[in-house]
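# Geometric and topological summary
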Amino acid sequence: MSADFVNKLYYGDNLDILRDYVQDESVDLIYLDPPFNSKADYNVLFKTNLGEDSAAQAGAFKDTWEWDEAAAEAYHELMTSHRVPTNLRNLMEALKVFLTGDTGKKGNSMMAYLCMMALRLVELHRVLKPTGSLYLHCDPTASHYIKLILDAVFGFSCFVNEISWKRTTAKSQSFK
């Protein structure tokens, strides 16, 4: 990795950053915590100078996906780019039919989300060293589809383990 890349923060779409700035097989570790397709909008909440909640807030990101022109372009790229593995192309085509019942231009929010993720995972595969590791944090909303995409991009044999969160309730509650 070049010295120009060290200690820099890039702001923007990670797909553009990966394509424009990150060299092939130059990354040892990737931790990916993408949006979950939760169908929610998230805001940055501010505090007053006294530390109290303020009514002021700013939009952080929308986690609502729609089949729009950008999603259709992403799907087209997945179907036509020589950089996309054949297994992934076949999977995305099958998922589109499965999720939408359509082989044409129709799509839905889940397919839009999966196209966005698939393009990025192809680029992450390109930049990850052969000895590198990728950790992907996702929730049950789309994790089963994302696992299939990971297998199509990285290969079935690269999967090592799943890490699950243990959810607990309040401790030491006594009911009398």
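What you are looking at is a predicted structure, and each value in this text was computed from that prediction instead of being measured. (Residues numbered from 1 in each chain as written. Predicted model: local features only at pLDDT ≥ 70, side-chain atom pairs only at ≥ 80, totals over all residues. Heavy atoms only, no water.)

### Re the overall build of the chain
Assigned secondary structure in the chain consists of five helices and four strands. Walking the chain from its N terminus toward its C terminus, one meets helices and strands in the order α-β-β-β-α-α-α-β-α. Residue burial in the chain is summarised as follows: out of 176 residues, 31% are buried. When contacts within the chain are restricted to residue pairs at least 6 apart in sequence, long-range pairs at least 24 apart make up 64% of them. (Helix = DSSP H or I, 4+ residues; strand = E, 2+ residues; numbered from the N terminus. Buried < 20%, exposed > 50% of the residue type's maximum accessible area, 1.4 Å probe, protein only. Contact = heavy atoms within 4.5 Å.)

### Looking at helix H5 (residues 143-154)
Between the first and last C-alpha of H5 there are 16 Å, a value that for 12 residues agrees with the 16 Å anticipated at 1.5 Å per step. Along H5, the positions that sit buried rather than exposed are Tyr145, Ile146, Ile149, Leu150, Asp151, Ala152, Val153 and Phe154. Those residues of H5 that are buried are in contact with helix H3 (86-100), helix H4 (109-127) and strand S4 (128-136). Once H5 finishes, Gly155 follows within two positions and takes phi at roughly 100°, a positive value. (Expected span 1.5 Å × (residues − 1).)

### Overview of the pattern of salt bridges
Considering all chains together, one arrives at eight salt bridges under this definition. Its salt-bridge partner being Glu123, residue Arg19 comes within 3.5 Å of it at the nearest N-O pair. Linking Arg19 in helix H1 (residues 14-21) with Glu123 in helix H4, this pair joins segments that are 104 residues apart in sequence. A relative accessible area of 32% means that Arg19 is categorised as partly exposed. When salt bridges with common partners are traced through the structure, they connect Arg19, Asp24, Glu77, Arg83, Glu123 and Arg126 into a single cluster. (Salt bridge = Lys/Arg side-chain N within 4 Å of Asp/Glu carboxyl O.)

### A look at unusual backbone geometry
One non-glycine residue, Glu25, lies in the positive phi region at around 45°. With respect to the element layout, Glu25 can be found in the loop between H1 and strand S1 (27-32). Given the relative accessible area of 49%, Glu25 is considered partly exposed.

### Describing the nonpolar core
In this structure, Leu78, Leu88, Met92, Leu95, Tyr113, Leu114 and Ile149 are the most contacted members of the largest nonpolar core, which totals 38 residues. Put simply, the parts of the chain that give this core at least two residues each are H1, S1, helix H2 (69-80), H3, H4 and H5. Of all the elements, H4 adds the most residues to this core, at 13 residues. (Core = buried A, V, L, I, M, F, W, Y, C linked by side-chain atoms within 4.5 Å.)

### So, the packing of H1 against H4
Here H1 crosses H4 at 30°, and the two axes come no closer than 10 Å. Considering their axes alone, H1 and H4 lie roughly parallel with respect to each other. The element H1 and its partner H4 pack so that their crossing is left-handed. Across the interface between the two elements, Asn14, Leu15, Leu18 and Arg19 from H1 touch Leu119, Arg120, Glu123, Leu124, Arg126 and Val127 from H4. Residues belonging to the contact of H1 with H4 are distributed by class as follows: five nonpolar, one polar and four charged. (Axes fitted to C-alpha atoms, helices over the stretch in contact; angles between N-to-C directions. Parallel < 35°, antiparallel > 145°, perpendicular 65-115°, else oblique. Left-handed = near helix turned anticlockwise from the far one by under 90°. Nonpolar A, V, L, I, M, F, W, Y, C, P; charged D, E, K, R; others polar.)

### Observations regarding the environment of Val160
For Val160, the location among the structural elements is in the segment after H5. In this structure, the C-alpha to C-alpha distance between Val160 and Ser133, residues 27 residues apart in sequence, is 9.7 Å.

### Comments concerning the side chain of His137
Tracing the chain through its elements places His137 in the loop between S4 and H5. Here Asp33 takes part through its side chain, which lies 3.1 Å from a polar atom of the side chain of His137. Contact partners of His137, with chain neighbours within four places excluded, come to Tyr31, Leu32, Asp33, Pro34, Phe36 and Trp165. (Polar contact = N/O pair within 3.5 Å; in protein donor to acceptor, adjacent residues only side chain to side chain.)

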